[in-house]
Amino acid sequence: MGERFSTGDTVVRREVLRGEVWFGCPTICVEDSPDLLALYLPPGAEFGFPETGVFPCGRHPWEAAGQRSWSGHGKLMLQRPGEAHSIDVFWTGPGRDFAGWYFNLQDPVRRTPIGVDTLDHELDLWWAADADRYVWKDVEMFAQRLVEGRYPGMGDAIQAEGDRIAALLDGGERWWDPSWATWRPDPAWTAPPLPAGWDRVPPAR
């Protein structure tokens, strides 16, 4: 597991694709307990893209789209040890109203000296605050990523994780604390910078 982070610590969340660091952003630790790692991505947090690498699947899509920082309200990412998804909490509007739960399929997080490594799996589920049921997201894009070879040998496992989440939701299971919907960040928290050399720290195994 490595050392735990303290509330308020900067935690660099990186995406690692085929053994290469592909993307990074600074988050803030909200909670780091044996059962939960909660990270906050604040407004204005900068996106980092390594300058050098092989990048067999191309550069990160956000880099190609010119996205350089997180806009709007920040988001909260709730991750349990060993699980291949996070539950992201979103807010909207001037009153920062709860927008919904986003079930983000990803590699289980692995700790590094500066934060955590993972890889987004493209396929997701979204349950809006005003909806009776979740919807699948990016199904066609996920299929395209498989064709492109982004997730070699992982397609069935990624789909199975999405199906598992859907089955739990259909069965009325709620494995997260719904009070996170009303959580608010410390007013003193601002977007921390990415530390120098963030992309040169070896990927976690």
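Quick caveat: nothing in here was measured; it's all calculated off a predicted structure.

What counts, and where the lines are drawn
- Residues numbered from 1 in each chain as written.
- Predicted model: local features only at pLDDT ≥ 70, side-chain atom pairs only at ≥ 80, totals over all residues.
- Heavy atoms only, no water.
- Helix = DSSP H or I, 4+ residues; strand = E, 2+ residues; numbered from the N terminus.
- Expected span 1.5 Å × (residues − 1).
- Buried < 20%, exposed > 50% of the residue type's maximum accessible area, 1.4 Å probe, protein only.
- Arc of directions from axis to C-beta.
- Core = buried A, V, L, I, M, F, W, Y, C linked by side-chain atoms within 4.5 Å.
- Contact = heavy atoms within 4.5 Å.
- Pairing = 2+ DSSP bridges.
- Salt bridge = Lys/Arg side-chain N within 4 Å of Asp/Glu carboxyl O.
- Phe/Tyr/Trp six-rings, centres within 6.5 Å; stacked < 30°, edge-to-face > 60°.
- Lys NZ or Arg CZ within 6 Å of the ring centre and 35° of its normal.

Engineer: Explain helix α3 (residues 155–170) residue by residue, including any values.
Structural biologist: In this model, α3 (16 residues) spans 23 Å end to end at C-alpha, consistent with the 22 Å of a helix rising 1.5 Å per residue. For α3, the full list of buried residues reads G155, I158, E161, G162, I165, A166 and L169. Buried residues of α3, seen end-on, are gathered within an arc of 140° and therefore sit on one face of the element. Among the exposed residues of α3, those pointing more than 90 degrees away from its buried face are D156 and A157. At the exit of α3 stands G172, carrying a positive phi of roughly 85°.

Engineer: Go over the nonpolar core, please, and point to the residues and values.
Structural biologist: Proteins that are soluble and globular tend to have nonpolar side chains buried together. In terms of nonpolar packing, the biggest core is built from 33 residues, with L76, L78, W101, F103, L169 and W180 touching the most fellow members. If you list the elements that add at least two residues to this core, you get β2 (20–33), β3 (36–41), β4 (75–79), β5 (85–92), β6 (97–106), β9 (120–128) and α3. Considering each element in turn, this core owes the most residues, four residues, to α3. With residues up to four places along the chain from it excluded, the contact list for L169 reads F103, W127, Y134, R174, W175 and W176. Core analysis: the second largest hydrophobic core is formed by 14 residues, L41, F47, W70 and V116 among them.

Engineer: Describe the pairing of strand β1 (residues 10–17), with residues and values.
Structural biologist: Most of β1 sits out of view: seven of its eight residues are buried. Direction of pairing for β1 relative to β2: antiparallel, over a ladder of eight bridges. Directly across from E15, in β2, lies its bridge partner F23. As consecutive antiparallel partners, β1 and β2 are separated by two residues, and within that stretch R18 has a phi angle of approximately 50°, a positive value. Where β1 and strand β8 (residues 115–118) come together, four bridges link them in parallel fashion. Bridging from a neighbouring strand, R13 pairs with V116 of β8.

Engineer: I'd like a rundown of the pattern of salt bridges, residues and numbers included.
Structural biologist: Here the idea is simple: oppositely charged side chains can pair when their charged atoms come close. Scanning the entire structure with this criterion turns up 14 salt bridges. Residues K137 and D138 are paired through a salt bridge, measuring 3.5 Å at the closest nitrogen-oxygen approach. On the basis of relative accessibility, which here comes to 28%, the residue K137 falls in the partly exposed class. Accessibility expressed as a relative area gives 31% for D138, which makes it partly exposed.

Engineer: Can you lay out the pairing of β3 for me, pointing to particular residues and giving the numbers?
Structural biologist: For β3, the buried fraction is high: six of the six residues fall into the buried class. Here β3 shows no split at all, with L36, A38 and Y40 on one side and L37, L39 and L41 on the other all buried. As paired strands, β2 and β3 are joined by five bridges and run antiparallel to one another. Note on β3: the bridge partner recorded for S33 is L36. Looking at chain direction, β3 and β4 are connected through five bridges and run antiparallel. If you follow L37 over to β4, its bridge partner there is Q79.

Engineer: Report on the packing of aromatic side chains, specifying residues and quantitative values.
Structural biologist: Inspection of the entire model under this criterion finds 19 aromatic pairs. Ring geometry for Y102 versus W126: centroids 6.1 Å apart, planes at 55°, classification tilted. Residue Y102 is located in strand β6, and its partner W126 is located in strand β9; the two are separated by 24 residues in the primary sequence. The class for Y102 is buried, based on a relative accessible area of 14%. Note on W175 and W176: the rings are 5.0 Å apart at their centroids and 90° apart in plane angle, and the pair reads as edge-to-face. The aromatic ring of W91 is capped on one face by R96, whose charged end is 3.9 Å from the ring centroid. Positioned over the ring face of Y134 is R133, at 4.4 Å from the centre of the ring.

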